[in-house]
Amino acid sequence: MILLLTAALLAGGGGSTGPDSSGTGLIPEDWDFGYCALFQANAAGSWTDKQPLMDSTCFDAEFSVYTLSREVDLLATAVARSEGSPEVGLRRARASVRWPGTPWLGGSVHYADRQPFIPGLRQPVAEWGWINADSIMGFGVSGGGILGFQAFYLLQEVQGDTLEQLNVFSPWLGFAGLDYYRARLASGDSIPGGEVIVNALAIRTDFRYASPWLVITGSDGQAGRWALSGDIRDIRPFETGWGRLEVVPGIRFAGDSVDLVTDAYTPGQRILTLGTYLESRRYMVSAGLEGMVDLESDSLSGVSATAGMVSTGGVTWDMMLSVFADGDYSGTLATGISDGFASAGMMLEVIDDSTRLNGTASYSPRRDVCAEISVAGDLDDSLQPSCAVAVSSALGPVKGLLAVDWTYGSSPVFRLNLRGFLR
């Protein structure tokens, strides 16, 4: 596939994308061809016995060719990398087609593509990286086209296990829309219980004066493995001279045995939230106040406040404070200023009995060069300072970085990075 697409690229005029301009008629007018290259080289080490010692090196380069039209989507990515032992091979590939003249029917085959992902209201129900993309290969079918309705089904193999994905997206019905996600990883030996199943139904509505959003999550027929999260948005009771206030009630409930490949829920949680947020129209100001009530314990009951402002002189202020009923608290206060060439900032962070101060400064003598330094330390007897210095430069599409990090009680560590994107 790579050779065929490369030949098509050469026929189409090298790395440019767009319709055929050669007049030969080899490339359809509504097709786009292109290629790109991405490379990265890293080196890291530390100072030992008053001299630098290189600990690790890594080089990674990939070359992609692609073809795109209304009916066809082809992609192939080759990779050459050196981390431990050298490796050359195919990193990613995809070929999908749709029935000409209609978006109704389609099919695809893929390698190291189409990772399972299920969004949530605050945190994803299933996050990227749950399954390593390098281990996925399979095929899929898709359909849709009626008023925005879409659906696709994927059957994949993951290191000997079977992964199924089903996503269905309804059209907007004028006041509501539904999205259904299902991921099932079946295994004979590697997974306790033989399989992992995640179902999620997302409901979004708009009733003019309020917009409830719900995400209902669960497994097939397993008691206690369910979760519910919801918000009621667009409730704006009044406006002030600073802007409009929005009130957002929320709920976060989960069953006693919830285990759904996510950190969005904890078993048995029963949390009610109420947030108030300022939508400023005339000033560069933002603010929010949120309260949480944990119906099961006091571990998550508390209040959180945030605020931010940009003054007319370009000084930024940001504040966050959280206080919980069990006695835990945390907060940050940050300020900064910048112009076209230099910037400086300071942040005070408090977590329970620990207080830490961090200062940063940067300078760019020209647009393609930047130097940055940061220094931090505890405001107590331990101090435990740390600092970092980094210098970066760009030469067209190629960027380089040299950085030195030092933490109290450890040897300084240096990093070298070179990367580029060519197309």
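To be clear, the structure that these remarks concern was listed above.
Quantities reported herein were computed from a predicted structural model and do not represent experimental measurements. (Residues numbered from 1 in each chain as written. Predicted model: local features only at pLDDT ≥ 70, side-chain atom pairs only at ≥ 80, totals over all residues. Heavy atoms only, no water.)

Which residues make up the overall build of the protein, and what are the values?
Looking only at helices and strands, one finds one helix and 24 strands in the protein. Along the first, second and third principal axes, the C-alpha set of the protein runs to 70 × 60 × 55 Å. Among the 423 residues that make up the protein, the fraction classed as buried is 30%. Summarising the internal contacts of the protein: among those between residues at least 6 apart in sequence, 33% fall at separations of at least 24. In the structure as shown, the protein presents an accessible area of about 24700 Å², 62% of it carried by carbon and sulfur atoms. Across the protein, the centroid of the 28 positively charged side chains sits 8 Å from that of the 48 negatively charged ones. (Helix = DSSP H or I, 4+ residues; strand = E, 2+ residues; numbered from the N terminus. Buried < 20%, exposed > 50% of the residue type's maximum accessible area, 1.4 Å probe, protein only. Contact = heavy atoms within 4.5 Å. Areas by Shrake-Rupley, 256 points an atom, 1.4 Å probe, with all protein chains shown as cover. Lys, Arg positive; Asp, Glu negative; His and termini not counted. Charge placed at Lys NZ, Arg CZ, Asp CG, Glu CD.)

Can you explain the layout of surface pockets? Please cite residues and give values.
Volume-wise, the largest pocket comes out at about 480 Å³. Along the walls of the largest pocket sit 29 residues, with R98, R114, S142, G143 and F152 positioned nearest its centre. For the lining of the largest pocket, the elements supplying multiple residues, two or more each, are β3 (72–83), β4 (85–98), β5 (105–111), β6 (136–144) and β7 (150–158). For the lining of the largest pocket, the element with the highest residue contribution is β6, accounting for five residues. Taken as a whole, the second largest pocket encloses approximately 340 Å³ of empty space. In this structure, the second largest pocket is lined by 15 residues; those nearest its centre are R122, Q123, R252, A264 and Q269. Of the residues in the lining of the second largest pocket, the class split is six nonpolar, six polar and three charged. (1 Å grid on protein atoms, 1.4 Å probe; cavity = no way out; pocket = protein on both sides within 12 Å on 5 of 7 lines; lining within 4 Å. Points joined across faces, edges and corners; volume = space filled by probe spheres on them. Nonpolar A, V, L, I, M, F, W, Y, C, P; charged D, E, K, R; others polar.)

So, the pairing of strand β23 (residues 398–407): which residues are in play, and what are the values?
When strand β22 (residues 386–395) meets β23, the two strands line up antiparallel, connected through 10 bridges. Following the sheet pairing, V391 is matched in β23 by L402. Connecting β22 to the antiparallel partner β23 that follows it, the hairpin turn spans two residues, and G396 within it adopts a positive phi of roughly 65 degrees. Bridge analysis of β23 against strand β24 (residues 413–422) gives eight bridges, and the strand direction is antiparallel. Its bridge partner lying in β24, K399 is registered against R419. Counted along the chain from β23 to the antiparallel partner β24, the turn is five residues long, and its residue G409 has a positive phi close to 85 degrees. (Pairing = 2+ DSSP bridges.)

With reference to specific residues and values, describe the pattern of salt bridges.
Under the counting rule described, the total for this entry stands at 22 salt bridges. Of the charged contacts, one joins R236 and E246 as a salt bridge, the two residues approaching to 3.9 Å between their closest N and O atoms. Here R236, found in the loop between β12 (226–233) and β13 (243–254), pairs with E246, found in strand β13; they are 10 residues apart in sequence, far enough to count as distant. With relative accessibility at 10%, the residue E246 sits in the buried group. Its salt-bridge partner being R236, residue E279 comes within 3.6 Å of it at the nearest N-O pair. Residue E279 is found in strand β14 (residues 270–280), and its partner R236 is found in the loop between β12 and β13; the two are separated by 43 residues along the sequence. Residue E279 is classed as partly exposed on the basis of its relative accessible area of 22%. In this structure R236 comes out as partly exposed when scored by relative accessible area, which is 33%. (Salt bridge = Lys/Arg side-chain N within 4 Å of Asp/Glu carboxyl O.)

Residues and numbers for the packing of aromatic side chains, please.
Going through the model one piece at a time under the given rule, you end up with seven aromatic pairs. Arranged with centres 6.3 Å apart and planes meeting at 25 degrees, the rings of F175 and F207 form a pair that is stacked. Highlighted residues: F175 in the loop between β8 (161–169) and β9 (176–186) and F207 in the loop between β10 (195–205) and β11 (211–218), separated in sequence by 32 residues. For F175, a relative accessible area of 44% translates into the label partly exposed. In this structure F207 comes out as partly exposed when scored by relative accessible area, which is 46%. The cationic tip of R233 hangs over the ring face of W213; the distance from NZ or CZ to the ring centre is 4.4 Å. (Phe/Tyr/Trp six-rings, centres within 6.5 Å; stacked < 30°, edge-to-face > 60°. Lys NZ or Arg CZ within 6 Å of the ring centre and 35° of its normal.)

Could you give me a rundown of a nonpolar patch on the surface, with the residues and numbers involved?
A cluster of nonpolar residues, M309, W317, M319, L321, V323, Y329, L333, M346, L348, L357 and L379, forms a patch on the protein surface that exposes about 930 Å² of accessible area. Elements supplying a minimum of two residues to the nonpolar patch: β17 (316–324), β18 (329–338) and β19 (342–351). By residue number, the principal contributor to the nonpolar patch is β17, which donates four residues. Tracing the backbone through its elements, the reader meets Y329 in strand β18. Residue Y329 is classed as partly exposed on the basis of its relative accessible area, which comes to 33%. (Patch = residues over 30% accessible without salt bridge, like charges linked within 9 Å, V, L, I, M, F, W, Y side chains within 5 Å.)

Help me get a handle on unusual backbone geometry, residues and values and all.
Excluding glycine, residues mostly carry a negative phi; peptide bonds, for their part, are mostly trans. Positive phi outside glycine occurs at R114, with the angle close to 65 degrees. For R114, the location among the structural elements is in the loop between β5 and β6. Among the residues examined, R114 registers a relative accessible area of 29% and is labelled partly exposed.

Before we move on, can you summarise the nonpolar core with the specific residues and values?
Membership of the largest hydrophobic core comes to 21 residues, with the highest contact counts inside it found for I118, V125, I131, V215 and Y265. Contributing elements (two or more residues each) for this core: β9 and β10. It is β10 that provides the largest number of residues to this core, a total of four residues. Aside from chain neighbours lying at most four places away, what touches I118 is P124, V125, A126, Y181, V198 and A200. (Core = buried A, V, L, I, M, F, W, Y, C linked by side-chain atoms within 4.5 Å.)

Function-wise, these values are silent; they only describe arrangement.
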